2 protein chains.
Amino acid sequence: MEGTGAALSGRRREARRNDALVVDAAREVFAAHPDAPMSAVAERAGVGQGSLYRRYRTKDELLHRVCLEGMHAIQAHARQALADDGDPWESFERFMRGYLDSGAGVQLSLAGTFTPGPDLFAAASETHALIQTLIDRTASAGRLRDDITAADLSLLVAQIGGLRLNAPERDRELHHRYLALVLQALRPSAAAPLPGPPATAAEIEDRWTP
Amino acid sequence: MEGTGAALSGRRREARRNDALVVDAAREVFAAHPDAPMSAVAERAGVGQGSLYRRYRTKDELLHRVCLEGMHAIQAHARQALADDGDPWESFERFMRGYLDSGAGVQLSLAGTFTPGPDLFAAASETHALIQTLIDRTASAGRLRDDITAADLSLLVAQIGGLRLNAPERDRELHHRYLALVLQALRPSAAAPLPGPPATAAEIEDRWTP
DNA sequence: TTCGGAACGGACCGGATCAGTCCGGTCCAC
DNA sequence: GTGGACCGGACTGATCCGGTCCGTTCCGAA
């Protein structure tokens, strides 16, 4: 009778519902305060700490889950942009907005706070590769300056998304304001050489290895 | 015999030297880790905690001092740019680099961690006014897009300067890379409307009031 | 209706961290 | 030589947080 996917009821259903609540709450809480305590997650989810720890036996486990889900969301945005065969710049722009809204900034700031595990590293690599593919496509269509790497983009988006000033909605507004600014500088028409070597994949992925 | 500026000797001289060391160390340490413990500052300064606390009776006092000095440095950069009557854009660009190197990012991230005091608020206001003056001058010379406020600049610089990835020198390199990118988007030639209302003085200065 | 037990919530525990204190030692001035 | 200012860093008391434990609640079967 276990794992059959049959209708759940009673406590079973509540458990399932709590599970989703917890992950959502964790994403929101850690996005606002990367070093938030577990009790904050529990409170936000409207759940006791006991229930929280029954599902995720350790804080690392929960952070791991949140990061992995975030990366999958970003990958989905990238794949969607790659599948889109309209204007390459517009696809790219949409991707960047999606990237920003996925709370990408969170993950990079979370990266140091727990021990990553190999699957997270793999996910980070794949995410990076997808973004680089998208960049190459857009650049070779002549719509994106060609001295920018996927790592550059990740850092820029992470920094912009990390801005925390006021209420969340106002912050989101500012994030998009500054993303729009950066996007203008990413067009090739504005190109003038940038100082220093670009960020590399290794510089970022090192954060996802113990 | 006190305060005459006469040559100091012995322990007196050591005390004076330690005083400078401590402030420098504090700036560096808090720049790297805004929530660093006092012991880290003492260690970096090569000084015992006792000496540290004899000079600054509380952590807040030290943070206060660091922030105030940082603001004065930024004000000096702004005044220098305003006094410079060469190419307005080049003055502006130099100012932005100086702003970034002053560890401007630090202060905003430090802003929440202690109780500010009225003189810091005054310094923040003056800093903001100076930057706005510089912006107005550059924009009315037609060299800067006119939908950007001083608060926008402060946030952008703070975010860029807040990037912490690798060794300090490499980080500085990346900071300047991304500042260069943003500077391109700030030129009026690249202007396309930005979404959302700009950041306001109040949004930033609220951080400097209890 | 009753009963067994699964899931719940939150009080609680042990360890770590850190701001701030205290004291024994050091080095200078006289 | 000696008094005392200044030094460093061990120490303290409070706070915070990850993780555990247990009394309570509610479901479903008999």
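Note that the structure is a prediction, hence the values are computed from the model and not measured.

Peer 1: Looking at this structure, how should I read the overall build of chain A?
Peer 2: If you tally the helices and strands in chain A, you get 10 helices and 0 strands. Reading the helices (α) and strands (β) of chain A from amino to carboxyl end gives α-α-α-α-α-α-α-α-α-α. In terms of principal-axis extent, the alpha carbons of chain A reach across some 60 × 40 × 35 Å. Put simply, chain A has 210 residues, and 47% of those count as buried. Long-range pairs, those at least 24 residues apart, make up 71% of the contacts in chain A between residues at least 6 apart in sequence. Accessible area of chain A: about 10,100 Å², with a carbon and sulfur share of 53%. If the 24 positive side-chain charges of chain A are averaged to one point and the 28 negative ones to another, these points end up 7 Å apart.

Peer 1: When you look at the domain arrangement of chain A in this model, what are you seeing that I'm missing?
Peer 2: Note on interface size: it is often stated as the accessible area lost on association of the parts. Residues and elements named next belong to chain A. Taken domain by domain, chain A holds domain 1 (1-57) and domain 2 (60-208). Computed over C-alpha atoms, the centres of domain 1 and domain 2 are 28 Å apart. Taken together, the 14 residues of domain 1 in the interface contact 10 residues of domain 2. Summing the contributions of domain 1 and of domain 2, the shared interface buries around 1,100 Å²; its carbon and sulfur component is 68%. It is Phe30, Pro34 and Tyr56 that lose the most area in domain 1 upon contact with domain 2, and together they represent 43% of the buried surface on that side. Taken together, domain 1 and domain 2 are joined by 1 salt bridge. One salt bridge in this structure joins arginine 27 and glutamate 69, with 3.3 Å as the shortest N-O distance. If you look at where domain 1 meets domain 2, you find 3 residue pairs in polar contact (both at pLDDT 80 or more). Sorting elements by how many residues they give to the side of domain 1 that touches domain 2 places helix H1 (residues 11-32) first, with 7 residues.

Peer 1: Would you take a moment to explain the packing of aromatic side chains for this structure?
Peer 2: Note on aromatic pairs: each is described by the distance of the centres and the angle between the planes. Overall, the coordinates contain 4 aromatic pairs over all chains when judged by the stated rule. With centroids separated by 5.4 Å and ring planes inclined at 35°, the aromatic side chains of B:Phe95 and B:Tyr99 adopt a geometry described as tilted. Taken as a pair, B:Phe95 and B:Tyr99 lie in helix H5 (residues 88-101) at a separation of 4 residues, close to a single helical turn. Overall, B:Phe95 belongs to the buried group, its relative accessible area being 1%. Its guanidinium or amino end placed over the ring of A:Tyr56, A:Arg55 lies 4.9 Å from that ring's centre, counting from NZ or CZ.

Peer 1: Could you clarify how one ought to interpret the environment of B:Met71 in this entry?
Peer 2: Residue and element names in this part refer to chain B. When you line up the elements, methionine 71 lands in helix H4 (residues 59-83). Judged by its relative accessible area of 4%, methionine 71 is buried. The spacing of methionine 71 and tyrosine 99 is 28 residues in sequence and 9.5 Å in space, taken between C-alpha atoms. In this view, methionine 71 contacts Gln107, Leu120, Ala123, Ala124, Thr127 and Trp208; residues no more than four positions away in its chain are not counted.

Peer 1: Got a minute to help me understand the interface of chain B and chain A in this structure?
Peer 2: Across the contact, 36 residues belong to chain B and 36 residues belong to chain A. The salt bridge involving B:Arg170 is made with A:Glu203; its shortest N-O contact spans 2.6 Å. In this assembly, chain B and chain A are joined by 23 residue pairs in polar contact (both at pLDDT 80 or more). Listing elements by their share of the side of chain B that touches chain A, those giving two or more residues are helix H8 (150-161) and helix H9 (168-186) of chain B. Counting residues per element, the side of chain B that touches chain A draws most heavily on H9(B), which supplies 12 residues. Class assignment for the residues of the side of chain B that touches chain A results in 21 nonpolar, 6 polar and 9 charged.

Conventions used here
Residues numbered from 1 in each chain as written. Chains lettered and ligands numbered in written order. Predicted model: local features only at pLDDT ≥ 70, side-chain atom pairs only at ≥ 80, totals over all residues. Heavy atoms only, no water. Helix = DSSP H or I, 4+ residues; strand = E, 2+ residues; numbered from the N terminus. Buried < 20%, exposed > 50% of the residue type's maximum accessible area, 1.4 Å probe, protein only. Contact = heavy atoms within 4.5 Å. Areas by Shrake-Rupley, 256 points an atom, 1.4 Å probe, with all protein chains shown as cover. Lys, Arg positive; Asp, Glu negative; His and termini not counted. Charge placed at Lys NZ, Arg CZ, Asp CG, Glu CD. Domains from an automatic or database assignment. Buried area = accessible area lost by both parts, 1.4 Å probe. Salt bridge = Lys/Arg side-chain N within 4 Å of Asp/Glu carboxyl O. Polar contact = N/O pair within 3.5 Å; in protein donor to acceptor, adjacent residues only side chain to side chain. Phe/Tyr/Trp six-rings, centres within 6.5 Å; stacked < 30°, edge-to-face > 60°. Lys NZ or Arg CZ within 6 Å of the ring centre and 35° of its normal. Nonpolar A, V, L, I, M, F, W, Y, C, P; charged D, E, K, R; others polar.

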